[in-house]
Amino acid sequence: SVRFGELKEKISRLFDIELNDPFLANLLLTSILVDTRALFLESDRQKRNATLQNVYRSRRMDDRAAAVDAVFDEEFLQGISLRVVIKAWVDKRVVHMDWLWDDDEVILFKRMESLIFDGGMKNLLVVLLELIAEYEEVVSRFGENVQEQMDRVFRAMTGGMEAES
């Protein structure tokens, strides 16, 4: 998917410029968090959201979808998951500027500080790259979408795979 390629590029650029250009690094980090929210953390009740998990579920790869969810549901800070931290920040401070009580705002900032400055962000970026690599492996093996996957199955069943190799 183009979106995963762009996310990989943003992560690569962030690693390259992180210390030299804090302003650009902040822009990239914000964009990466928004992409993470959109590509991995949408509500699973909305079956038409194009999250990686829904892509896997549509291909009957429920174990892969569950593994992605497990990454973001793992405890990050005292009973708080990465999913909760990222969704709260992106929803309340990036795409909306929600009014928060002082205590809520302090908690939100402290959680993001922990994610960014306590090594969690580097770990998150590595995990995102691993999730993207796994998806790229699925695409190279099975095709870009269900139609391409079915075409490959039919070619294999009719002896057409050798011509492609």
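Residues numbered from 1 in each chain as written. Predicted model: local features only at pLDDT ≥ 70, side-chain atom pairs only at ≥ 80, totals over all residues. Heavy atoms only, no water.

With respect to unusual backbone geometry
Just so we agree on the cut-off: Numbering of helices and strands runs from the N terminus; a helix is a DSSP stretch of H or I covering at least four residues, while a strand is a stretch of E covering at least two. Three exposure classes are used, based on accessible area relative to the maximum for each residue type with a 1.4 Å probe and protein chains only: buried under 20%, partly exposed in between, and exposed over 50%.
One non-glycine residue with positive phi stands out, namely R60, at about 60°. Tracing the sequence through the fold places R60 in the loop between α3 (52–58) and α4 (62–73). Taking the relative accessible area as the measure of exposure, R60 reaches 76% and is therefore exposed.

Looking at the pattern of salt bridges
Pairing between side chains of opposite charge can happen when their charged atoms approach one another. Stated precisely, the cut-off is as follows: Any Lys or Arg side-chain nitrogen located within 4 Å of an Asp or Glu carboxyl oxygen qualifies as a salt bridge.
Scanning the model with the defined rule gives nine salt bridges in all. The salt bridge partner of R37 is E42, with a shortest N-O separation of 3.3 Å. In this structure, the salt-bridge partner of R37 is D91, at a minimum N-O distance of 2.9 Å. One end of the pair, R37, is in helix α2 (residues 22–40); the other, D91, is in helix α5 (residues 82–94), and 54 residues separate them in sequence. Residue classification places R37 among the buried residues on the basis of a relative accessible area of 14%. Residue D91 is classed as partly exposed on the basis of its relative accessible area, which comes to 23%. Where salt bridges share partners, they join R57, D69, D73 and R83 into one cluster.

Some words on the nonpolar core
As a reminder of what qualifies: In plain words, nonpolar cores are sets of buried Ala, Val, Leu, Ile, Met, Phe, Trp, Tyr and Cys residues tied together by side-chain atoms within 4.5 Å.
Among the nonpolar cores identified, the biggest contains 34 residues, and L33, F40, Y56, F72, I86 and L128 are the most heavily contacted of them. Looking at this core, the elements that each hand over two or more residues are α1 (2–17), α2, α3, α4, α5, α6 (102–117) and α7 (120–142). Among the elements that make up this core, the one with the highest residue count is α7 (eight residues).

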